[in-house]
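# Geometric and topological summary
Chain by chain, the residues run as shown.
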Number of protein chains: 2
Amino acid sequence: MEPAGLQFIGVLHGDITSREDAPKNFAESERVGTLEIYPEYQEGLDGIAPGQTIVVLFWLHQANRDILKIYPRGDRSKGLHGVFATRSPVRPNPIAISELKVLAIHGNQLEVSGLDILDGTPILDIKKKIGR
Amino acid sequence: MEPAGLQFIGVLHGDITSREDAPKNFAESERVGTLEIYPEYQEGLDGIAPGQTIVVLFWLHQANRDILKIYPRGDRSKGLHGVFATRSPVRPNPIAISELKVLAIHGNQLEVSGLDILDGTPILDIKKKIGR
């Protein structure tokens, strides 16, 4: 079974332009930015409302895909960890999951807060948040 | 920018064989199964421990990718919703997110509970769970 190709549904516009400037994850971020959803996918946004928390999947196009062991947050004191035991961007399929708060919606543009993702990163998906 | 292809890191073995038999989501499931991680990716599991909750990304290879509006859970009384406002498997990139409890680890096999995914579904990624 061959996987079908990914479709980028949009792109993130934000002010995080380097790994050094990026919060370590969404739970530690108040950074704001805009999800630009391409017009052909805009219809899929119907039902999303300001104030809601959404789950957004990004394709980390700059991440290394060939490494399976890393030092979490670059801290060598804790030893090497398997990437699947971490949230590192390094992994075979560099898909990031961010829980973001919707501040405003203008057509195909969603203003969000909680960003830990670099400006220009492609967007793969948006989902409703659920909890156990 | 062309997206690189996905790599399947493993496959799910479980007893859910039809959409009708599948729990609506992980938060409503106690179903158990096994994540078989292919040997070439096994090293990435180091650091995952029984008792832990992990975030698993699946590629829903049977899902329709061409529909942007659906009736949530098939309920027509609430009208059509954009797929990005829901957890429907129907979406341009049919990636599912499940939070699963690790029951046991045997080499490259992870026994998990909380499954809402069909037997035979490819696995894309495993991440540590975090919360805000």
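Numbering of residues begins from 1 in every chain and follows the order in which that chain's sequence is written. All chains are assigned letters beginning at A, and all ligands numbers beginning at 1, according to the order in which they are written. Restriction of local features to residues with pLDDT of at least 70 applies here, the model being predicted, together with a cutoff of 80 or more for giving and counting side-chain atom pairs; totals for whole chains, interfaces and linings are based on all residues. Side-chain numbers here rest on the full set of heavy atoms in the structure, without hydrogens or water.

### Topic: the sheet that holds strand S1 (residues 10-14) of chain B
All names here are of chain B.
- Strand order in the closed barrel formed by 6 strands is S1-S2-S7-S6-S3-S8, with antiparallel pairing between adjacent strands. Between one strand axis and the next, the sheet turns by 45 degrees as a mean value, whatever way the strands run.
- We call two strands paired when DSSP finds no fewer than two bridges between them. The numbering of helices and of strands both runs from the N terminus, where a helix is a DSSP run of H or I of at least 4 residues and a strand a run of E of at least 2. Relative to strand S8 (residues 122-128), S1 is paired through 2 bridges, and the arrangement is antiparallel. Looking at the pairing, Val11 lines up with Pro122 of S8. Only the contacting stretch of a helix is used when fitting its axis, a line to C-alpha atoms as for every element, and angles between N-to-C directions run 0 to 180 degrees.

### Quick word on the confidence of the model for chain A
- Averaged over every residue, the pLDDT of chain A is 92; the share at 70 or more is 96%.
- This complex was scored by the predictor with a pTM of 0.94 and an ipTM of 0.92. Confidence of the predictor at the level of single residues is captured by pLDDT, which takes values from 0 to 100.

### Considerations on the pairing of strand S6 (residues 95-106) of chain B
Residues and elements named next belong to chain B.
- Relative to S6, strand S3 (residues 53-59) runs antiparallel, the two being bridged by 7 bridges. For Leu57, the partnering residue across the bridge sits in S6 and is Ile97.
- Judged from the 5 bridges that link them, S6 and strand S7 (residues 109-113) form a sheet pairing that is antiparallel. Its bridge partner being in S7, Val102 is matched across the sheet by Val112.
- In this structure, the hairpin formed by S6 and S7 is closed by a connection of 2 residues, where Gly107 is found at a positive phi of approximately 60 degrees.

### Let's talk about the pattern of salt bridges
- By definition here, a salt bridge exists when the distance from a side-chain nitrogen of Lys or Arg to a carboxyl oxygen of Asp or Glu is within 4 Å. Tallying each qualifying case throughout the model produces 13 salt bridges over all chains.
- When the shortest N-O distance is used, the salt bridge between Lys129 of chain A and Glu99 of chain A registers 3.0 Å. You can see Lys129 of chain A sitting in the segment after strand S8 (122-128) and its partner Glu99 of chain A sitting in strand S6 (residues 95-106), a full 30 residues away along the chain.
- Partly exposed residues are those whose accessible area sits between 20% and 50% of the maximum for their type, while under 20% is buried and over 50% is exposed, using a 1.4 Å probe and protein chains only. Judged by relative accessible area, which is 14%, Glu99 of chain A ranks as buried.
- The shortest N-O distance in the salt bridge between Asp21 of chain B and Arg31 of chain B comes to 2.9 Å. Here Arg31 of chain B lies in the loop between S1 and strand S2 (32-37) and Asp21 of chain B lies in the loop between S1 and S2, a separation of 10 residues in the sequence.
- Beyond isolated ion pairs, a larger network of salt bridges with shared partners links Asp15, Asp21 and Arg31 of chain A.

### Section: the interface of chain A and chain B
- Contact criterion: two residues are considered in contact whenever any of their non-hydrogen atoms come within 4.5 Å of each other. Taken residue by residue, the interface counts 52 residues in chain A and 53 residues in chain B.
- Summing the contributions of chain A and of chain B, the shared interface buries around 4,800 Å²; its carbon and sulfur component is 61%.
- Summed over the shared surface of chain A and chain B, the result is 4 salt bridges.
- With a closest N to O distance of 3.0 Å, Asp46 of chain B and Lys69 of chain A form a salt bridge.
- Nitrogen and oxygen atoms within 3.5 Å of one another constitute a polar contact, given that in protein one can donate a hydrogen and the other can accept it, and given that sequence-neighbouring residues count only through two side-chain atoms. Remark: the boundary between chain A and chain B carries 24 residue pairs in polar contact (both at pLDDT 80 or more). Summed over both partners, the accessible area lost on bringing two parts together, with a 1.4 Å probe, is the buried area.

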